[in-house]
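Observations on chain architecture
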Amino acid sequence: MKPMIAIVDYGMGNIRSVEKAFHKIGAEAFITADPAKVRDAAGIVLPGVGAFRDCMANLDGLRLLDTIVAEVRKGKPYLGICLGLQILFSESEGWNTVAYRNRPPICADIPDEAYFYFVHSYYVVPENTGIVAGTTEYGMPFTSMVWKDNVIATQFHPEKSQDIGIRLLKGFEAFVRRGRE
Amino acid sequence: MLAKRIIPCLDVKNGRVVKGVSFENLRDAGDPVENAVFYDQQGADELVFLDITASHEKRKVILDVVQKTAEDVFMPLTVGGGIKSLDDIRDLLNAGCDKVSINTTAVKDPHFISKAAERFGSQCIVVAIDAKRVADNMDDATGELWSSDAAMADVVLSLPVSGQIWAISTHGGRRMKRINAIAWARKMEALGAGEILLTSMDKDGTKDGYDIALTRAVSEAVTIPVIASGGAGTLEHLYEGLTAGKADAALAASIFHYREFTVRESKEYLRARGVPVRL
């Protein structure tokens, strides 16, 4: 049996909260910076705290980026928090709602327009709008959640969004569990 | 729409909450984790721990408090008080807090804020400003001269003053620095602060409302979020701070600790009056 969820540690900020939140719901989750352990895990969580540029550089430096991309391509469940492909500047710190465009199964238990906690001042603008799973209004709507197949990425921090966020992590845990069985 | 935030603040001394929640269901009113859980359940948007530990040797105790709180409470946590170095910030973030609030160290060395923001990101750097109205008769003796740094010349308060002017106060309001509080807020934003925690030292502890003119002036001077603090005694006060004061968040201590209102009641009140809050 594969170890459950690898939380990727790339030497930035507070990723402890993500681990604690998974432990709170009884999930097997562990923090690692070892590509081999990321390969062995049944699911990958990439928490995103700190500056985007440093984050990408650290991932690359630790040889984690290639591993993550390869595993995700193979279909491994992936949850990205606060990270995007293309970044733009916006002021969006605080609690805000997420409206579904295309509700992913891991959010089955979360109502439309629920409040999540946003920390970062960046958001993604996907070229392929088909992957937009949720949007948030701040002056104008921006993409706050993307979903395609095994990949889910949130602009907000589920691990800091109290009960609603915990439900999302539970949904991801169930998704990983199904993939492993 | 981005919600306005309600933030309870807990004073922590030597790892214990002072003036904690007076609530019979709390087994230990001095336990920071129990207090945090209490506010979490009420739907507080964030928590601020203000570390008022005096002795340097006991400073590490706050790390333990943060670590234990972050195990049980999944909401944003800010810690302020006694942060003097980048290592202090790193230790707190590693322990599980999300933001740090910096006051005295910013006054001593404003460039510390840019170093901290560069290293950890602006999103976790809160600058706490203790502001106090300047009396018309402030002179060289009562307003401490501050920095000879040319880069800071634009925030230095020139004497005499006229009209509504606020200066930075230190030592719990007992001393005044010759720094214009509004210009200081702008300077902190320029150096990389992600948020301003603005306390009126004239109003703090009075329970007769935030200093609305001050809050509004700072909110209009910066684009980063401003947390109103000092003086909240009623729900109306929270409303005023978030509307007339234009603050993004309202911080309060005693009205929540002494159970005059719950966080939920305060949010229901605000929502009924048209303020966007998370309920």
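Residues numbered from 1 in each chain as written. Chains lettered and ligands numbered in written order. Predicted model: local features only at pLDDT ≥ 70, side-chain atom pairs only at ≥ 80, totals over all residues. Heavy atoms only, no water.

A look at the overall build of chain B
When its secondary structure is counted, chain B shows 10 helices and 12 strands. Over its C-alpha atoms, taken along the principal directions, chain B stretches across nearly 55 × 45 × 35 Å. Of all 279 residues assigned to chain B, the portion counted as buried reaches 58%. When the accessible area of chain B is evaluated, it comes to approximately 11200 Å², of which 49% is carbon and sulfur surface. Both charge centroids of chain B, one from 34 positive and one from 39 negative side chains, sit 1 Å from each other. (Helix = DSSP H or I, 4+ residues; strand = E, 2+ residues; numbered from the N terminus. Buried < 20%, exposed > 50% of the residue type's maximum accessible area, 1.4 Å probe, protein only. Areas by Shrake-Rupley, 256 points an atom, 1.4 Å probe, with all protein chains shown as cover. Lys, Arg positive; Asp, Glu negative; His and termini not counted. Charge placed at Lys NZ, Arg CZ, Asp CG, Glu CD.)

Section: a nonpolar patch on the surface
There is a patch of nonpolar side chains on the surface, built from B:V18, B:L50 and B:I52 and spanning about 190 Å² of accessible area. On the basis of relative accessibility, which here comes to 30%, the residue B:V18 falls in the partly exposed class. (Patch = residues over 30% accessible without salt bridge, like charges linked within 9 Å, V, L, I, M, F, W, Y side chains within 5 Å. Salt bridge = Lys/Arg side-chain N within 4 Å of Asp/Glu carboxyl O.)

Considering the packing of aromatic side chains
A complete count under the given rule lists four aromatic pairs over all chains for this structure. Seen from their ring centres, A:F116 and A:F156 are 3.9 Å apart, and the 25° between their planes marks the pair as stacked. Here A:F116, found in strand β7 (residues 114–118), pairs with A:F156, found in the loop between β11 (151–154) and α5 (162–180); they are 40 residues apart in sequence, far enough to count as distant. Like A:F116, the residue A:F156 is buried in the burial classification. An angle of 65° between the planes, with centres 6.4 Å apart, marks the rings of B:Y39 and B:F256 as edge-to-face. Of this pair, B:Y39 sits in helix α1 (residues 32–41) while B:F256 sits in helix α9 (residues 254–257), and the two are 217 residues apart along the sequence. For B:Y39, a relative accessible area of 0% puts it in the buried group. Above the plane of the ring of B:Y239 lies B:R273, whose end atom (NZ or CZ) is 3.7 Å from the centre. Above the plane of the ring of A:W95 lies B:R278, whose end atom (NZ or CZ) is 3.4 Å from the centre. (Phe/Tyr/Trp six-rings, centres within 6.5 Å; stacked < 30°, edge-to-face > 60°. Lys NZ or Arg CZ within 6 Å of the ring centre and 35° of its normal.)

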